[in-house]
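Examining the three-dimensional arrangement
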Amino acid sequence: MKKIDISSSINGIKLSSCIMNASGVLCCTEKELSEILMSSSGAVVTKSCTMVPRKGNLEPRYFEWNIGSINSMGLPNLGIDFYLNFLDRKKPKKPFFLSISGLSIEENYQLISKANISPNINAIELNLSCPNLVEKKNQVSLGYDFEKIYDFLKNIFKFYNKPLGVKLPPYFEDFHFEKMALILNQFPICFVTCINSLPNGLFVDTNKETTVLHPKKGFGGIGGRVIKPFSLANIRKFYVSLRKDISIIGCGGICYGKDIFEHILCGASAVQVGTQFFKEGIRVFDRLKNEFISILKEKNYSSIEEFKGKLNVI
Ligand code: SIN
């Protein structure tokens, strides 16, 4: 029987499976990260961290319904030192991506400097797209600030010499895709993760006539099945406009093996699972892997390279 290989490479970083966790979901504590290390997830990415630990926003700050989720977590995390220490103690056998999300550009430089001297990190996933910071109420998130982002990346690559990926917010206008690709193509970016949650959604509890979340007057980031078409669009737009050596990690709406197939067909090299991981727990990685392998068998593909990015346009 034909052997099906679902391994992948993120710009040279080898993943035994192209399916991994998304930052933000069940990847904050020692126990959660250890569980992902022991699972069939092809890599592990941490909760986005800051210089000092944060409790995050007030509860209720997460809600899910049949086809999606809304969150306004506000970056609860144990601080960068915890994640670097975890990494040094555990010496993972799979790629370890440190997600960082400083509350300011200066804090991001500090975080990146720390990560730069850590010997065991495979890459940073720089989160440019957290929509839920109450501290930054009237500020545009960096992923939407096309003026600042160029200088920011230019400064980072003056001193940072490890692989760096960026987690982007969803874009909707052709102009924005083109502008962002033009910026990213000028730097030695290792990968982009498309997409973070759709910012400023609102979910209403009809019975109580209230918002379901407390922070930010109920507005929060939308994730899960309902955002898949936006993830696919962002993956596709960047697949055609970024340099070919910049890998794309798809994120948003992965619930079944079929969703993984679609992300890769649009150009992703790997996928991250967020809302569905939260709903289903650690078993999600085995189930998705089995479903994805079955689809490849049916379609007679033996590796993801055979169909990656090969979406036909009618
Ligand atoms: C949060 O902690 O608010 C979510 C992080 C993110 O969406 O980047």
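See above for the structure.
Structural notes, computed from the coordinates.

**Digging into the overall build of the chain**
- The secondary structure content of the chain amounts to nine helices and 16 strands.
- Radius of gyration (C-alpha) of the chain: 18 Å, near the 20 Å computed for a compact globule of 314 residues.
- For the chain, the spread of C-alpha atoms along the principal axes amounts to about 55 × 55 × 45 Å.
- Burial statistics for the chain: of 314 residues in total, 58% are counted as buried.

**Regarding the nonpolar core**
- The biggest cluster of nonpolar side chains holds 96 residues, and the ones touching the most others in it are L126, L168, I189, V192, F238 and F292.
- If you tally residues by element for this core, the top one is helix α9 (residues 284–299), at seven residues.
- Residues within four places of F238 in sequence aside, it is in contact with L168, Y171, F177, M180, A181, C194 and I248.

**Observations regarding the packing of helix α7 (residues 257–266) against α9**
- Two elements in contact, α7 and α9, have axes whose closest approach is 7 Å; the angle formed by their N-to-C orientations is 65°. The element α7 and its partner α9 pack so that their crossing is right-handed. Of α9, the residues touching α7 (which contributes G257, K258, I260, F261 and I264) are L288, E291, F292, I295, L296 and K299.
- Residue composition of the contact of α7 with α9, by class: seven nonpolar, one polar and three charged.

**Considering the sheet that holds strand β10 (residues 191–194)**
- An order of β3-β16-β15-β10-β9-β8-β7-β4 is seen for the eight strands of this open sheet, with the pairing classed as parallel. Since the sheet does not close on itself, it has two edges, and those belong to β3 (19–21) and β4 (44–45), each with one partner.
- When β10 meets strand β15 (residues 247–251), the two strands line up parallel, connected through four bridges. Pairing of F191 across the sheet is with S247, part of β15.
- This element, α9, spans β3 and β16 (270–273) of the sheet and lies at about 160° to β3.

**Here's the deal with the sheet that holds strand β6 (residues 68–71)**
- The strand order β5-β6-β14-β11 describes an open sheet built from four strands, whose pairing is antiparallel. Since the sheet does not close on itself, it has two edges, and those belong to β5 (62–65) and β11 (198–202), each with one partner. Across the sheet, the mean angle separating the axes of adjacent strands is 35° when strand polarity is ignored.
- Bridging between β5 and β6 involves four bridges; their strand directions are antiparallel. Of the residues in β6, the one forming a bridge with Y62 is N71.

**Brief notes about α7**
- Judged by how many residues are buried, α7 sits mostly within the fold: nine of 10 residues are covered.
- All of the buried residues along α7 are G257, D259, I260, F261, E262, H263, I264, L265 and C266.
- Elements in contact with the buried residues of α7: β3, α6 (228–241), β15, β16 and α9.
- One or two residues past the end of α7 sits G267, with phi positive at roughly 135°.

**A word on helix α5 (residues 174–184)**
- Those residues of α5 lying buried are F177, M180, A181, I183 and L184. Down the axis of α5, the buried side of the element spans an arc of 160°, and every buried residue falls inside it. Exposed side chains of α5 directed beyond 90 degrees from the buried face belong to F175, E178 and L182.
- In this fold, the buried residues of α5 make contact with α4 (146–159), β9 (164–168), β10 and α6.

**Description of the side chain of D259**
- Topologically, D259 is positioned in helix α7.
- In terms of polar contacts, D259 uses its side chain to reach the backbone amide nitrogen of Y256, at 2.7 Å.
- In this view, D259 contacts R225, K228, G253 and I254; residues no more than four positions away in its chain are not counted.

**Here's the deal with unusual backbone geometry**
- For the peptide bond that leads from E59 to P60, omega is -5°, which places it in the cis range.
- Tracing the chain through its elements places P60 in the loop between β4 and β5.
- In this model, C194 is joined to I195 through a cis peptide bond whose omega is 15°.
- Here I195 shows up in the loop between β10 and β11.
- For K216, which is not a glycine, the phi torsion comes out positive at approximately 50°.
- Structurally, K216 is set in the loop between β13 (210–211) and β14 (219–223).

**Side note on the site of the ligand**
- Contacts to the ligand come from K47, N71, M73, G74, L75, P76, N127, C130, P131, N132 and N196.
- L75 is positioned such that a nitrogen or oxygen atom in its backbone is 2.7 Å from an oxygen atom of the ligand.
- Taken by itself the ligand offers 260 Å² of open surface, and the protein chains cover 93% of this.
- Taken together, the residues of the shell around the ligand sort by class into five nonpolar, five polar and one charged.

Parameters and conventions
Residues numbered from 1 in each chain as written. Predicted model: local features only at pLDDT ≥ 70, side-chain atom pairs only at ≥ 80, totals over all residues. Heavy atoms only, no water. Helix = DSSP H or I, 4+ residues; strand = E, 2+ residues; numbered from the N terminus. Rg over C-alpha atoms; globule rule 2.2 N^0.38 Å. Buried < 20%, exposed > 50% of the residue type's maximum accessible area, 1.4 Å probe, protein only. Core = buried A, V, L, I, M, F, W, Y, C linked by side-chain atoms within 4.5 Å. Contact = heavy atoms within 4.5 Å. Axes fitted to C-alpha atoms, helices over the stretch in contact; angles between N-to-C directions. Left-handed = near helix turned anticlockwise from the far one by under 90°. Nonpolar A, V, L, I, M, F, W, Y, C, P; charged D, E, K, R; others polar. Pairing = 2+ DSSP bridges. Arc of directions from axis to C-beta. Polar contact = N/O pair within 3.5 Å; in protein donor to acceptor, adjacent residues only side chain to side chain. Near = heavy atom within 4 Å. Areas by Shrake-Rupley, 256 points an atom, 1.4 Å probe, with all protein chains shown as cover.

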